[in-house]
Amino acid sequence: MLEYTKLCVPSILRHSRAPFELIFLDIGSLDGTVEYLAGLQAGLAGRVRVEVVRTPTDLGIKDACQKALDLTSGEYVVLLNNDTIVTAYWLDQMIALAGSSMAVGLVGPMSNYAAPPQLVETVPYRTSPSPRQGAGSLADVAAIEEFAKKHREAHKGNWLFAERLGGFCLLIMRVVLDKIGSKLAEWTDLSLFDSDILSAKVQQEGYSLAVCRDLFVHHFGTRVSTHTTVQHDRSR
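Source: prediction; values computed, not measured.

1. What about the side chain of Arg 174?
Note on placement: Arg 174 falls in helix α6 (residues 174-180). Summary of buried charges: Arg 174 has no salt-bridge partner, and the nearest side chain of opposite charge, Asp 178, is 4.3 Å away. At a separation of 3.0 Å, a polar atom in the side chain of Arg 174 contacts the main-chain carbonyl oxygen of Gly 74.

2. Overview of the pattern of salt bridges
Under the criterion given, the structure shown has six salt bridges. The closest approach of N and O atoms between Arg 164 and Asp 196, which form a salt bridge, is 2.4 Å. Taken as a pair, Arg 164 in the loop between β6 (159-162) and β7 (169-173) and Asp 196 in helix α8 (residues 195-204) lie far apart in primary sequence, 32 residues in all. Using a relative accessible area of 32% as the deciding quantity, one classes Arg 164 as partly exposed. Members of the salt-bridge network, linked through shared partners, are Glu 21, Arg 49 and Glu 51.

3. A few points about the packing of aromatic side chains
Overall, the coordinates contain five aromatic pairs when judged by the stated rule. Aromatic pair Tyr 125 and Phe 147: ring centres 6.2 Å apart, planes at 65 degrees, arrangement edge-to-face. Remark: Phe 147 occurs in helix α5 (residues 141-154) and Tyr 125 occurs in the loop between β5 (104-110) and α5; sequence separation between them is 22 residues. In this structure Tyr 125 comes out as buried when scored by relative accessible area, which is 9%.

4. Observations regarding helix α2 (residues 33-44)
Here α2 contains 12 residues, and its C-alpha end-to-end distance of 16 Å stays within 8% of the 16 Å for a straight helix at 1.5 Å per residue. Residues Thr 33, Leu 37, Leu 40 and Leu 44 constitute the buried set of α2. Considered in projection along α2, the buried side chains sweep an arc of 55 degrees and stay on one side of the axis. Within α2, the exposed residues directed more than 90 degrees away from the buried face are Glu 35 and Ala 42.

5. Some words on the environment of Leu 97
Here Leu 97 is to be found in helix α4 (residues 90-99). Not counting the four nearest positions on each side in its chain, Leu 97 is found in contact with Val 104, Val 107, Trp 159, Ala 210, Val 211 and Cys 212.

6. A few points about the side chain of Ser 29
Structurally, Ser 29 is set in the loop between β1 (20-27) and α2. Side-chain polar atoms of Ser 29 contact the side chain of Asp 26, separated by 2.8 Å. Not counting residues within four places of it along the chain, the set of residues in contact with Ser 29 comprises Val 34 and Arg 54.

7. Quick look at unusual backbone geometry
Here the amide bond leading from Ala 18 into Pro 19 is cis, since omega sits at 5 degrees, within 30 degrees of zero. For Pro 19, the location among the structural elements is in the loop between α1 (2-15) and β1. Look at Tyr 89: it is not a glycine, yet its phi comes out positive at around 65 degrees. Relative to the assigned elements, Tyr 89 resides in the loop between β4 (84-85) and α4.

8. Quick word on the nonpolar core
Formed by 59 residues in total, the largest nonpolar core has its most connected members in Trp 90, Leu 171, Ile 172 and Val 202. Setting aside chain neighbours within four positions, we find Val 202 in contact with Gly 105, Leu 106, Ile 172, Val 176, Ile 180, Tyr 207 and Leu 209. The next biggest cluster of nonpolar side chains, apart from the first, holds eight residues, and it includes Ile 23, Val 53, Ile 61 and Ala 68.

9. A few points about the pairing of β7
Extensive coverage of β7 is indicated by the burial of five of its five residues. Where burial is concerned, the two faces of β7 agree: the one with Cys 169, Leu 171 and Met 173 and the one with Leu 170 and Ile 172 are both buried. Bridge count for strand β3 (residues 76-81) against β7 is five bridges, and the pairing is antiparallel. Paired with Leu 79 across the two strands is Leu 170, which belongs to β7. Note: β5 against β7, two bridges, orientation antiparallel. Each bridged residue has a counterpart across the sheet, and for Leu 106 the counterpart in β7 is Ile 172.

What counts and how
Residues numbered from 1 in each chain as written. Predicted model: local features only at pLDDT ≥ 70, side-chain atom pairs only at ≥ 80, totals over all residues. Heavy atoms only, no water. Helix = DSSP H or I, 4+ residues; strand = E, 2+ residues; numbered from the N terminus. Buried < 20%, exposed > 50% of the residue type's maximum accessible area, 1.4 Å probe, protein only. Lys, Arg positive; Asp, Glu negative; His and termini not counted. Salt bridge = Lys/Arg side-chain N within 4 Å of Asp/Glu carboxyl O. Polar contact = N/O pair within 3.5 Å; in protein donor to acceptor, adjacent residues only side chain to side chain. Phe/Tyr/Trp six-rings, centres within 6.5 Å; stacked < 30°, edge-to-face > 60°. Expected span 1.5 Å × (residues − 1). Arc of directions from axis to C-beta. Contact = heavy atoms within 4.5 Å. Core = buried A, V, L, I, M, F, W, Y, C linked by side-chain atoms within 4.5 Å. Pairing = 2+ DSSP bridges.

And the structure:
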């Protein structure tokens, strides 16, 4: 749904430290998402690389996912649902946790809509199940950001290991992606990115999964039609 993308993308642009690149996977949207992403490409030209991979039907999902993966080149790759709102320092915090130990291969945040141990059971803000007057009516972004700030301060520096990580926001290091194989067929038997299989593959290669407990990312938990890959290259 375009309304979710219109909340997600500005949060990425507002809270991501350059250099980074955006690769969008659009699955058959008919709500103006194509036009919105085209405008984004034009508006960010020369500043942020924006690529859009589109499939008009579910039959092309697997090939589109593979093409999106092939377009990635950063040192860190984040798989991010469009029904999320990222918060201050989100990318820096996940990168820092991934870089804290060579044993960490996959990193995820805490969220209001996730399975334990990533779940924050109670949040003080409200969201709407459907927009009536534009994207802003879905959630109070300022309230989400304020809660994320307090959450970061309360849990500063805390993290924990996990057996699996949710796929709504997932950072994988390039070196790990290369080891497990970037070919989609090698680490999932489903059309879309499968975080359960990806988590298992990463652990089979001897890496651990880590939850950044001081990072909160809002997740609406809707059916996703647009997927965003954020790639970050710290060497540039």
